[in-house]
Amino acid sequence: MKLIVSKSILEITLTNFQAFLDKKDSSQITSHIYFECIDSKLLLRATDYEIGIEAKIDNIKKESDGNATVNGRMILDIVKKLEDGEIILETDNDFFYVKQGKTKYKESMFNAAEFPIFPELPNYKKLNIDTSKFITSIKKINPAIETNNQKMELNGAFLDIKDYSYNFVATDTRRLAVVKYETQSVDNLSIIIPKKATTEILKLFYDDFEIYYSESQIILKTPQYMFYTKLINGKYPDYEKIIPKNFKNEIKLPKEIIEKSIKKVNLCNNIKIIIRPNEILFEAISNESSRTANTQIELETKIDAEISIGANSKYILDFFSQTEESEFVLCLNDSNNPFVLKDKNFSTIVMPIIF
């Protein structure tokens, strides 16, 4: 294999591949990136067996076809050191060479034939869903996905497609984030996408791609990239039972003012919010009696009686970070009960802190 490729394009691609490498054991082929020169394209692949990525770089200058593997971290370090412009990639026997001008690097290769096999689209069904909504929804619920729960199904984003709606759901057991769409669907599907995968999806994709799925994997594809991940095998909790059906109070509030007030008293995440007919008070909940913080705002809430709620401020601020409207709706029943933050079709149900 011998080819000439743009340094900047190769560096961007290699950077995107780093999260897909096995970094713990450099003796494994999954610590390597797979290279293959076909016609006028360079194909690259990386996988840690859980998630995988494939990229195609066009407009290379090919001298000979072939394939190879090279340590993914090391090849990126090398490419970063080079000047902008063209670089030469070449293989000879068991070695991978990177050349530019009078500079030359030599790295060991593994047997490219042993690189893991990637999924093929004919074996998958196409998912007919608006891809811009897919990305927007994953972004909104991603902060609420659990990261290290013994119940594996909680460590992912749940896509629940029914006859007349589809929902994106995530929970860390203290809050539940839901994005709901009312629409007639041709697919009935329930899948759980691991958080590691959702994080990489948000880095790589925007609003124009295709989605394919099987019982165990999901694939996202553009002309330049193909991403796949294993799905989490498990039964997601019945999240709809957790969502209160009715509320005594639904208060429309200005997001910026509430957000600033929470940040003012945010000493150690836990806060108390006291809502009265004409004002809202914010207090820090601290285990240290010597540390206190409080503030208040005058605001017509139109409630009949005082309601107090305790909460982890991070959950509220995470919700704000994923909303664009200047107002949101706070749905309440009684003090110390779960409450709901709503922005159009996006909701976060927050479990209270009892104080």
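Whatever comes next refers back to the structure up there.
Parameters and conventions
Residue numbering note: each chain is counted from 1, following its sequence as written. Confidence filtering applies because this is a predicted model: local features only for residues at pLDDT of at least 70, side-chain atom pairs given and counted only at 80 or more, and all residues used for totals across whole chains, interfaces and linings. Values reported for side chains reflect all heavy atoms of the structure, with hydrogen atoms and water molecules removed beforehand. Any carboxyl oxygen of Asp or Glu within 4 Å of a side-chain nitrogen of Lys or Arg constitutes a salt bridge here. Secondary structure elements are taken from DSSP: a helix is a run of H or I of four residues or more, a strand is a run of E of two residues or more, and numbering for both begins at the N terminus. Exposure is judged per residue with a 1.4 Å probe applied to protein chains only, and the accessible area is read against the type maximum: over 50% gives exposed, under 20% gives buried, and values in between give partly exposed. Two residues form a contact once any of their heavy atoms are found within 4.5 Å. Under the rule applied, a polar contact is a pair of N or O atoms within 3.5 Å (in protein, one hydrogen donor and one hydrogen acceptor; residues adjacent in sequence only if both atoms are side-chain atoms). Strand pairing is defined by DSSP finding a minimum of two bridges between the two strands. Axes here refer to lines fitted to C-alpha atoms; in helices the fit is confined to the stretch in contact. Angles between the N-to-C directions go from 0 to 180 degrees. By arc we mean the arc of the directions from the helix axis to the C-beta atoms, nothing more. Each nonpolar core is a collection of buried residues, namely Ala, Val, Leu, Ile, Met, Phe, Trp, Tyr and Cys, held together in the definition by side-chain atoms within 4.5 Å. Aromatic rings from Phe, Tyr and Trp, with only the six-membered ring used for Trp, were paired whenever their centres fell within 6.5 Å, and each pair was classed as stacked if the ring planes differed by under 30 degrees, edge-to-face if by over 60, and tilted otherwise.

Novice: Could you give me a rundown of the pattern of salt bridges, with the residues and numbers involved?
Specialist: For the structure on display, the rule yields 24 salt bridges. The partner of K61 in a salt bridge is E86, and the shortest N-O contact between them spans 2.8 Å. With a gap of 25 residues between them, K61 in strand β5 (residues 61–64) and E86 in strand β7 (residues 86–92) connect regions that are remote in the sequence. With a relative accessible area of 45%, K61 lands in the partly exposed category. With relative accessibility at 45%, the residue E86 sits in the partly exposed group. Between D318 and K314 there is a salt bridge, with the nearest N and O atoms lying 2.7 Å from each other. Of the two residues, D318 and K314 are both situated in helix α6 (residues 313–321); the distance of 4 residues between them amounts to about one turn of the helix. Accessibility expressed as a relative area gives 16% for D318, which makes it buried.

Novice: Got a sec to walk through unusual backbone geometry? Specific residues and values, please.
Specialist: Here T173, not a glycine, exhibits a phi torsion of approximately 80°, which is positive. Note that T173 resides in the loop between β12 (165–171) and β13 (175–182). A positive phi angle, near 75°, is found at N269, a position not held by glycine. Of note, N269 is situated in the loop between α5 (255–264) and β19 (270–275). Using a relative accessible area of 36% as the deciding quantity, one classes N269 as partly exposed.

Novice: Residue-level account of the environment of Q217, with values.
Specialist: Tracing the backbone shows Q217 in strand β16 (residues 217–221). Once the C-alpha coordinates of Q217 and L204 are considered, the two residues, 13 residues apart in sequence, prove to be 18 Å apart. Setting aside anything within four residues of it in sequence, one finds Q217 in contact with P119, Y124, Y212, Y228, T229, K230 and L231. Side chain to side chain, Q217 and Y124 meet in a polar contact 2.2 Å long.

Novice: Would you mind going over α6 in detail, with residue names and values included?
Specialist: Counting along an α-helix, one turn takes 3.6 residues, and residues three or four places apart therefore face a common direction. Of all 9 residues in α6, 7 are buried, a share of seventy percent or more. Taken together, the buried positions of α6 are occupied by S313, Y315, I316, L317, D318, F319 and F320.

Novice: How would you sum up the sheet that holds strand β22 (residues 307–312)? Please name residues and give values.
Specialist: Within a beta sheet, neighbouring strands are joined by backbone hydrogen bonds and run either parallel or antiparallel to one another. Here we have 4 strands laid out as an open sheet, ordered β21-β20-β19-β22, and antiparallel in their pairing. Single-partner strands in this sheet number two, and they are β21 (294–298) and β22. On average, adjacent strands in this sheet sit at an angle of 15° to one another, irrespective of strand direction. With 5 bridges connecting them, β19 and strand β20 (residues 279–284) associate as antiparallel partners. Counted as the bridge partner of I271 is A284 from β20. Of the strands in this sheet, β19, β20 and β21 are in contact with α5, which crosses β21 at around 160°. Contacts from α6 reach β19 and β22 within the one sheet, and its direction differs from that of β22 by about 85°.

Novice: Please set out α5 residue by residue, giving values where relevant.
Specialist: Those residues of α5 that sit buried are K255, I258, E259, S261 and I262. Projected down its long axis, α5 carries its buried residues within an arc of 165°, all on one side. Set apart from the buried face of α5 by more than 90 degrees, the exposed residues are E256 and K264. On its buried face, α5 sits against β18 (249–254), β19, β20, β21, α6 and β23 (327–332).

Novice: Quick one: what's the story with the nonpolar core, residue by residue and with numbers?
Specialist: Ranked by size, the top nonpolar core spans 92 residues in total, and within it L10, F35, L89, F96, F134 and F168 carry the most contacts. The element contributing the most residues to this core is α6, with 5 residues.

Novice: Tell me about the sheet that holds strand β1 (residues 2–6), residues and numbers included.
Specialist: Across the sheet, which stays open at both edges, the 5 strands sit in the order β5-β1-β7-β8-β9 with antiparallel pairing between neighbours. Two strands close off the open sheet at either side, each with one partner strand: β5 and β9 (103–108). For this sheet, the mean angle separating the axes of adjacent strands, direction not counted, is 20°. Here β7 pairs with strand β8 (residues 95–100) via 5 bridges, running antiparallel. Note on β8: the bridge partner recorded for D92 is F95. Along the sheet face, helix α1 (residues 7–17) touches β1 and β7 and points at about 90° away from the line of β1. Helix α2 (residues 72–81) rests against β7, β8 and β9 of the sheet, and its axis sits at about 175° to β9.

Novice: Break down the packing of aromatic side chains for me, with residues and values.
Specialist: Inspection of the entire model under this criterion finds 17 aromatic pairs. The interplanar angle of 75° and the centroid separation of 5.9 Å between the aromatic rings of F20 and F227 together place this pair among those described as edge-to-face. Of the two residues, F20 is situated in the loop between α1 and β2 (32–38) and F227 in strand β17 (residues 225–230); the sequence distance between them amounts to 207 residues. Just as F20 is buried, F227 falls in that class too.

That's the geometry; what it means functionally is another story.
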